[in-house]
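Analysis of the macromolecular model
In case you want the letters, here they are:
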Amino acid sequence: MLRCVHLARRVNIGSLSAAVASTQAAQYRSSYSSLSNRKTPFRNEYSELHRKPTSPNNNLQLKRAFSDDASSEDSPMNQPREAMHYDVVIVGGGPAGLSAAIRLKQLSSEKGIDLSVCVLEKGSEVGSHILSGNVFDPKALEELLSHNEDGGDKWTEALFESQDSHATPVSEDAFLVLTESGGSYQIPNMLLPSQLHNDGNYIISLSKLARYLGEMAEGLGVEIYPGFAADEVIYSDDQTSVRGVATKDMGIGKEGEAKDTFERGVELLGRQTLFAEGARGSCSESIISKYNLRQEGGASNQHYGLGIKEVWEIPEENFKPGFVQHTLGYPLQSSVADKVYGGSFLYHQEPNLVLCGLVVGLDYENPYLNPYKEFQRWKTHPAIKTHLEGGTCIQYGARVLNEGGYHSLPKLTFPGGMLLGCSAGFLNAVKIKGSHCAIQSGAIAAESVYNSLASGEDADEKTVASTGEIDSEETPVEVTQYAESMEKSWVYDELKEVRNCHEAFSRWGVGGGLIYTGIA
């Protein structure tokens, strides 16, 4: 299917609608006539398809012992994949991956040496795997957009024009402790840690922000392929470096056999591969394990939390634009000594939306605790249900969060690639924010990669953007500048400041943890 998209792009200049792409591709390959309903990526002068058959490696073969098809050398499952070459392949179309893509193209324009960039996104469209609702710290985004011609200082207006989505400035910030009896106590803001203050932040739809960044990236010449998940990592023959990723084989029967509609996956090979899959990304985790990146980085094991979210549409008379509320206590903690790590959030976003959710650390001791049921109980508390009365839930979902923070950051680089955003663990669990850190890590990664690939003698003649393929003699390098730059950035400073807060909650309960967090 990915080959079909490329085939369609070869016979038409510019961005194709799904219908046009499907029709033109069908004229060449009838077996590829089923094309997902989406707009294909922006095409620039360097976006011609470069495919090279590659020899099958042991690590590329699907292990389907239960299928006779897979054991045959003539099986289509064992045939070489086709390959597409890029200077940089980015896995994941979230804030980190898109920011890296945008910054790479900004640098290409500024420095005059163009790099071909591809973003692979598993969702049916950019942003479809991100549930709306976020109190957004804009400093990283504003720094990224400052390199654009318009300066990026009017991003809130541009977001509304592009996605019809409001960026609502935070107008009121409340932190409550809820009790089982239905009462609540507000902690004065002056007693809260500075990182819990939301002055200057915005309530946004992170999904719509991702789509906005995706449009910007395509306009700069980035090729984005939504609907195609990276299924496995491609390593060099000696297994010492990463060469790229491969998409999943399609058209496999329930017994593991190749059906008539079988199509081999496609390899996306890059001089550098940037992994921005989010928390617990399958490719990222396999690389961390293969190269022992946690041990190499002296990192602790990662800790995880579960965030359950809903988006409500409420009557206008109940709407409080810019209102932000976080809570501790009921239903997760019943006393100051309770060690369950978690809390809730509730935001009012224009025009009349309430974004709410509960985050539960997955290191809880009670085996009978059910995060989903606790979320339902939380919504019945008087301090919460008044915000939802008369409303309708229009979206819901859940996602995993990596809460280990500073102590759990692995080594960020390896030969041929690096880890970005939540794939590395750049989430500030105290703030319940990670998108600003993800955007900054993407921008810093892009600058480091560009400096590596676009420097040296005849660098412009070695790029895939100019040659159409990766030089077979080129050895993938490890861009250690990325890790060095991240360690000097405000991202590390922010995470280091709250590095022991989760441990404090685990040792002394919610009371002691809250006191420690305030002091730290």
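In the block above lies the structure referred to throughout.
Residues numbered from 1 in each chain as written. Predicted model: local features only at pLDDT ≥ 70, side-chain atom pairs only at ≥ 80, totals over all residues. Heavy atoms only, no water.

1. Notes on the overall build of the chain
Selection rule: Numbering of helices and strands starts at the N terminus; helices are DSSP runs of H or I of at least 4 residues and strands are runs of E of at least 2. Relative accessible area decides the class of each residue, using a 1.4 Å probe on protein chains only: under 20% of the type maximum gives buried, over 50% gives exposed, and in between gives partly exposed. Contact criterion: two residues are considered in contact whenever any of their non-hydrogen atoms come within 4.5 Å of each other. Under the convention used here, a 1.4 Å probe and the Shrake-Rupley method define accessible areas, while residue burial counts only the protein chains that appear.
A count of helices and strands for the chain gives 18 helices and 20 strands. Looking at the chain residue by residue over its 520 residues, the buried ones come to 57%. Long-range contacts, defined as pairs at least 24 residues apart, comprise 77% of the intrachain contacts of the chain with a sequence gap of at least 6. For the chain, the exposed area adds up to about 22,500 Å²; of that, 47% sits on carbon and sulfur atoms.

2. Regarding the pattern of salt bridges
Put simply, the test is: We count a salt bridge whenever a side-chain nitrogen from Lys or Arg sits within 4 Å of a carboxyl oxygen from Asp or Glu.
In this structure the tally under the stated criterion is 16 salt bridges. The residue Glu125 makes a salt bridge to Arg211 at a minimum N-O spacing of 3.5 Å. Note that Glu125 is positioned in the loop between strand S2 (117-121) and strand S3 (134-136) and Arg211 in helix H7 (residues 206-220), a separation of 86 residues in sequence. Lys431 is paired through a salt bridge with Asp137; the nearest N and O atoms lie 3.8 Å apart. Highlighted residues: Lys431 in the loop between helix H12 (421-424) and helix H13 (435-453) and Asp137 in the loop between S3 and helix H5 (139-145), separated in sequence by 294 residues. For Lys431, a relative accessible area of 9% gives the class buried.

3. Quick look at the environment of Leu355
Checked against the element boundaries, Leu355 lands in strand S17 (residues 353-361). Residue classification places Leu355 among the buried positions, given a relative accessible area of 0%. For the pair formed by Leu355 and Ile203, sequence separation is 152 residues and the distance between their alpha carbons is 9.1 Å. Aside from chain neighbours lying at most four places away, what touches Leu355 is Gly133, Asn134, Ile203, Ile204, Glu310, Val311, Phe345, Leu346, Tyr347 and Gln349.

4. Some remarks on the sheet that holds S17
The test is simple: Any two strands with at least two DSSP bridges between them are considered paired. Angles here are taken between N-to-C directions and fall from 0 to 180 degrees, while the axes themselves are lines fitted to C-alpha atoms, restricted in helices to the stretch in contact.
Taken together, 7 strands build an open sheet; the order of strands is S6-S5-S15-S16-S17-S14-S18 and the sheet is mixed. Pairing within the sheet leaves two strands with one partner each, and these edge strands are strand S6 (184-186) and strand S18 (392-402). Shown here is a sheet whose adjacent strand axes are inclined to one another by a mean of 20 degrees, direction ignored. Across 10 bridges, strand S14 (residues 304-313) lies against S18 in antiparallel orientation. From the neighbouring strand, Glu313 faces S18, where its bridge partner is Thr392.

5. Some thoughts on the pairing of strand S13 (residues 266-275)
By the criterion of burial, S13 is predominantly enclosed, with 10 of the 10 residues buried. The pairing of strand S1 (residues 82-91) with S13 spans 9 bridges and is parallel. If you follow Glu82 over to S13, its bridge partner there is Val266. As judged from the 3 bridges shared by strand S10 (residues 242-247) and S13, these two strands associate in the antiparallel manner. For Ala246, the partnering residue across the bridge sits in S13 and is Glu267. Of the pairings in the sheet, the one linking S13 to strand S20 (residues 417-419) comprises 3 bridges and is parallel in character. In the strand pairing of S20, Thr273 is matched with Gly417.

6. Focus: H7
Inclusion rule: A helix is expected to span 1.5 Å for every residue after the first.
An ideal rise of 1.5 Å per residue puts 21 Å on 15 residues; H7 measures up with 21 Å between its terminal C-alpha atoms. Remark: Gly221 follows H7 within two positions and exhibits a positive phi of approximately 110 degrees.

7. Notes on empty space enclosed by the protein
Note the following rule: With a 1 Å grid laid over protein atoms only, a set of points is called a cavity when a 1.4 Å probe fits there but cannot get out and a pocket when it is open yet has protein on both sides within 12 Å along at least five of seven lines; lining residues have an atom within 4 Å of a point. Grid points are joined across faces, edges and corners, and a volume is the space filled by probe spheres set on the points. Amino acids are sorted into nonpolar (Ala, Val, Leu, Ile, Met, Phe, Trp, Tyr, Cys and Pro), charged (Asp, Glu, Lys and Arg) and polar (every other residue, Gly among them).
For the coordinates displayed, the defined rule picks out 5 cavities of 30 Å³ or more. The wall of the largest cavity is formed by 22 residues, among which Leu328, Tyr341, Ala429, Val430 and Ile432 lie closest to the centre. Elements with a minimum of two residues in the lining of the largest cavity: strand S15 (323-329), strand S16 (342-349) and helix H18 (501-519). Among the residues making up the lining of the largest cavity, the classes are represented as 11 nonpolar, 8 polar and 3 charged.

8. Examining the side chain of Ser408
Using the following cut-off: Think of a polar contact as two N or O atoms within 3.5 Å of one another; within protein, one of them needs to be a possible hydrogen donor and the other a possible acceptor, and neighboring residues in sequence only count if both atoms come from side chains.
With respect to the secondary-structure elements, Ser408 resides in the loop between S18 and strand S19 (413-414). Among the polar contacts made by the side chain of Ser408, one reaches the main-chain carbonyl oxygen of Asn301 at a distance of 3.1 Å. Setting aside chain neighbours within four positions, we find Ser408 in contact with Arg294, Ala299, Ser300, Asn301, Gln302, His303 and Ala424.

9. Quick word on the packing of helix H6 (residues 155-163) against H7
Threshold: Roughly parallel here means an angle under 35 degrees, roughly antiparallel means over 145, roughly perpendicular means 65 to 115, and every remaining angle is called oblique.
Running from N to C, H6 and H7 point in directions that differ by 90 degrees, and their axes come no closer than 10 Å. By the angle class used here, H6 and H7 are roughly perpendicular. Facing Trp155, Ala158, Leu159, Ser162 and Gln163 of H6, the residues of H7 in contact are Lys208, Leu209, Arg211, Tyr212 and Glu215. Residue composition of the contact of H6 with H7, grouped by class: 5 nonpolar, 2 polar and 3 charged.

10. Side note on unusual backbone geometry
Residue Pro331 follows Tyr330 across a cis peptide bond; omega there is 5 degrees. By the element assignment, Pro331 lies in the loop between S15 and S16. That bond from Glu350 to Pro351 is cis: its omega, 10 degrees, falls within 30 degrees of zero. At Asp164, a position not held by glycine, the phi torsion is positive, near 55 degrees. Looking at where Asp164 falls in the secondary structure, it is placed in the loop between H6 and strand S4 (168-169). With a phi angle near 55 degrees, Ile432 is a residue other than glycine that sits in the positive phi range. Turning to its location among the elements, Ile432 is positioned in the loop between H12 and H13.

11. Structural notes on the nonpolar core
Most often, soluble globular proteins keep nonpolar side chains buried together rather than apart. Convention followed: Among the buried residues, those of types Ala, Val, Leu, Ile, Met, Phe, Trp, Tyr and Cys that are joined through side-chain atoms within 4.5 Å form a nonpolar core.
Ranked by internal contacts, the top residues of the largest apolar core, which has 83 residues, are Trp155, Phe275 and Phe426. For this core, the leading source of residues is H13, giving 10 residues. In this structure, Ile308, Leu358, Leu369 and Trp378 belong to the second largest nonpolar core, which totals 22 residues.

Geometry only, nothing functional implied.
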